Amino acid sequence: LYLDDGDDQTKWVQDLMIVGSDPTSPRKIKLILASKFGKLMLFDTTISMCPLSVLEITVNKMFEIGDHNILTLDSFGNVHLIEIESFKILQTWQDTIETGPMASMELVQDGDDDYILFIGGTGSIKTYRISSTPHGYEITPLTRFNFRKKSIIPTMTCLLYTSPSPRDSTSS
């Protein structure tokens, strides 16, 4: 794949999702790539090795929803429903939860065309029901769970790689 040569920011990959592929031909892949600098790019290797479409939105997490859409969450609490084929935003809603860069999102299928969305942010988790309708999806808030102060301690972990490994007696 060729990322935008004139823009080094597209080379910082945040997330990647394969949305369509041909099992008989591993070179034919359709995928969506999110950069850390606010670009969501659609690739189809049967057409080009360059992005076919680019959306200027930040993405922390993304999920495929149904056969034709993806759901994304950004650091500002915006949730976007994007149609894969047209690569257009169909729906957007702003969540009232403080998300920030440590936000998390999980999507669980609940029936044929219904989903439960969990969004975790600073001090709380919110849940939504996402139901398929003839005109798109309907989003219904369900529950908000608030944490007491100091009840959960957020942590960040850093894995430091050293070479040669201090545990490898043959190279130390």
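Enquirer: Hey, could you run me through the packing of aromatic side chains in this one?
Expert: Each aromatic ring pair is summarised here by two numbers: the centre-to-centre distance and the angle between the ring planes. Here the structure, examined in full by the defined rule, presents one aromatic pair. Arranged with centres 6.0 Å apart and planes meeting at 65 degrees, the rings of Trp93 and Tyr128 form a pair that is edge-to-face. Separated by 35 residues along the polypeptide, Trp93 in strand β8 (residues 88-94) and Tyr128 in strand β11 (residues 124-133) bring together distant segments of the chain. Look at Trp93 and you get buried, because its relative accessible area is 14%.

Enquirer: I would appreciate a short explanation of the environment of Met105 in the present structure.
Expert: As for its placement among the helices and strands, Met105 is situated in strand β9 (residues 104-109). In this structure the C-alpha to C-alpha distance between Met105 and Ile125, which are 20 residues apart in sequence, comes to 9.4 Å. The contact partners of Met105, leaving out residues within four places of it in the chain, are Lys61, Met62, Phe63, Leu71, Thr72, Leu73, Leu117, Phe118 and Ile119.

Enquirer: Explanation requested: the sheet that holds strand β7 (residues 78-83) in the structure shown.
Expert: Within a sheet, neighbouring strands are paired by backbone hydrogen bonds and run either parallel or antiparallel to one another. Read across the open sheet, the four strands follow the order β5-β6-β7-β8; overall the sheet is antiparallel. Strand pairing shows two members of the sheet lacking a second neighbour, β5 (61-65) and β8, which therefore form its edges. Taken pair by pair, the neighbouring strands of this sheet meet at an average axis angle of 20 degrees, ignoring direction. In this sheet, β8 lies alongside β7 in antiparallel orientation, the contact comprising six bridges. The partner of Asn78 across the bridge, within β8, is Gln94.

Enquirer: What exactly am I supposed to notice about the pairing of strand β6 (residues 69-73) here?
Expert: Regular strands have side chains that alternate between both faces of the sheet. Of all five residues that make up β6, five are buried, and the element is covered over most of its length. Of the two faces of β6, the one lined by Asn69, Leu71 and Leu73 and the one lined by Ile70 and Thr72 are each fully buried. Bridge count between β5 and β6: five bridges; the pairing is antiparallel. From the neighbouring strand, Glu64 faces β6, where its bridge partner is Ile70. Hairpin connection between β5 and β6: a loop of three residues separates the two successive antiparallel strands, and Gly66 in this loop has a positive phi of roughly 70 degrees. Bridging between β6 and β7 involves five bridges; their strand directions are antiparallel. Within β7, the position partnered with Leu71 by the bridge is Leu81. Linking β6 to β7, which pair antiparallel, is a turn of four residues; within it Gly77 sits at a positive phi near 85 degrees.

How each quantity is defined
Residues numbered from 1 in each chain as written. Predicted model: local features only at pLDDT ≥ 70, side-chain atom pairs only at ≥ 80, totals over all residues. Heavy atoms only, no water. Phe/Tyr/Trp six-rings, centres within 6.5 Å; stacked < 30°, edge-to-face > 60°. Helix = DSSP H or I, 4+ residues; strand = E, 2+ residues; numbered from the N terminus. Buried < 20%, exposed > 50% of the residue type's maximum accessible area, 1.4 Å probe, protein only. Contact = heavy atoms within 4.5 Å. Pairing = 2+ DSSP bridges. Axes fitted to C-alpha atoms, helices over the stretch in contact; angles between N-to-C directions.

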